[in-house]
Amino acid sequence: MSFLGFGRPQQSSAEKIAAVEAEMRLLTEMANRLTKTCQKKCVPNDYREAELNKGESVCLDRCAAKFFDVHMKISEQLQQESQNRGGGSGLGF
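The rules behind these values
Residues numbered from 1 in each chain as written. Predicted model: local features only at pLDDT ≥ 70, side-chain atom pairs only at ≥ 80, totals over all residues. Heavy atoms only, no water. Helix = DSSP H or I, 4+ residues; strand = E, 2+ residues; numbered from the N terminus. Buried < 20%, exposed > 50% of the residue type's maximum accessible area, 1.4 Å probe, protein only. Lys, Arg positive; Asp, Glu negative; His and termini not counted. Salt bridge = Lys/Arg side-chain N within 4 Å of Asp/Glu carboxyl O. Disulfide = S-S within 2.5 Å.

A. Inspection of the side chain of glutamate 56 at higher detail. Mapped onto the fold, glutamate 56 is located in helix α2 (residues 54–84). Of the buried charged residues, glutamate 56 lacks a salt bridge, with arginine 48 as the closest side chain of opposite charge at 6.2 Å.

Here it is as structure tokens:
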């Protein structure tokens, strides 16, 4: 039970661990999508050099920035919709 009955109840250790594991899975999936998407878009399949050239580096930088920008906008929109429905809690990712 929370302090004076306000707020949400405390999570058990198992629940905290499960929540952290779920968040780690989501972050890993997001990193994998980012890598796959931006590599497909910016790095040709026929590697000509061991290092990225300037164009590839700039493309990857912009791709990652856009990916995170879109992710944040979608997260904010989902959180707003959740609050409008009375859920009160956002998705947090």
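Having put the structure on the table, let's press on.
B. Up close: the pattern of salt bridges. Taken as a whole, this structure holds 2 salt bridges when the rule is applied. Two residues, aspartate 46 and arginine 48, come together in a salt bridge whose shortest N-O distance is 3.3 Å. Lysine 73 is paired through a salt bridge with aspartate 69; the nearest N and O atoms lie 3.4 Å apart. Of this pair, lysine 73 and aspartate 69 both sit in helix α2, separated by 4 residues, roughly a single helical turn. Look at aspartate 69 and you get partly exposed, because its relative accessible area is 40%.

C. Geometry of the state of the cysteines. Overall, the coordinates contain 2 disulfides when judged by the stated rule. Paired through a disulfide, cysteine 38 and cysteine 63 show a sulfur-sulfur distance of 2.0 Å. On the S-S bond that ties cysteine 38 to cysteine 63, the torsion sits near -85°, and the link is left-handed. With a gap of 25 residues between them, cysteine 38 in helix α1 (residues 13–42) and cysteine 63 in helix α2 connect regions that are remote in the sequence. When its relative accessible area of 8% is taken as the criterion, cysteine 63 is described as buried. The disulfide partner of cysteine 42 is cysteine 59, and the gap between their sulfur atoms is 2.0 Å. Judged by the sign of its S-S torsion, about -70°, the cystine formed by cysteine 42 and cysteine 59 is left-handed. Highlighted residues: cysteine 42 in helix α1 and cysteine 59 in helix α2, separated in sequence by 17 residues. Among the cysteines of the protein chain that take part in disulfides, numbered as they appear in the sequence, the pairing is 1-4, 2-3.

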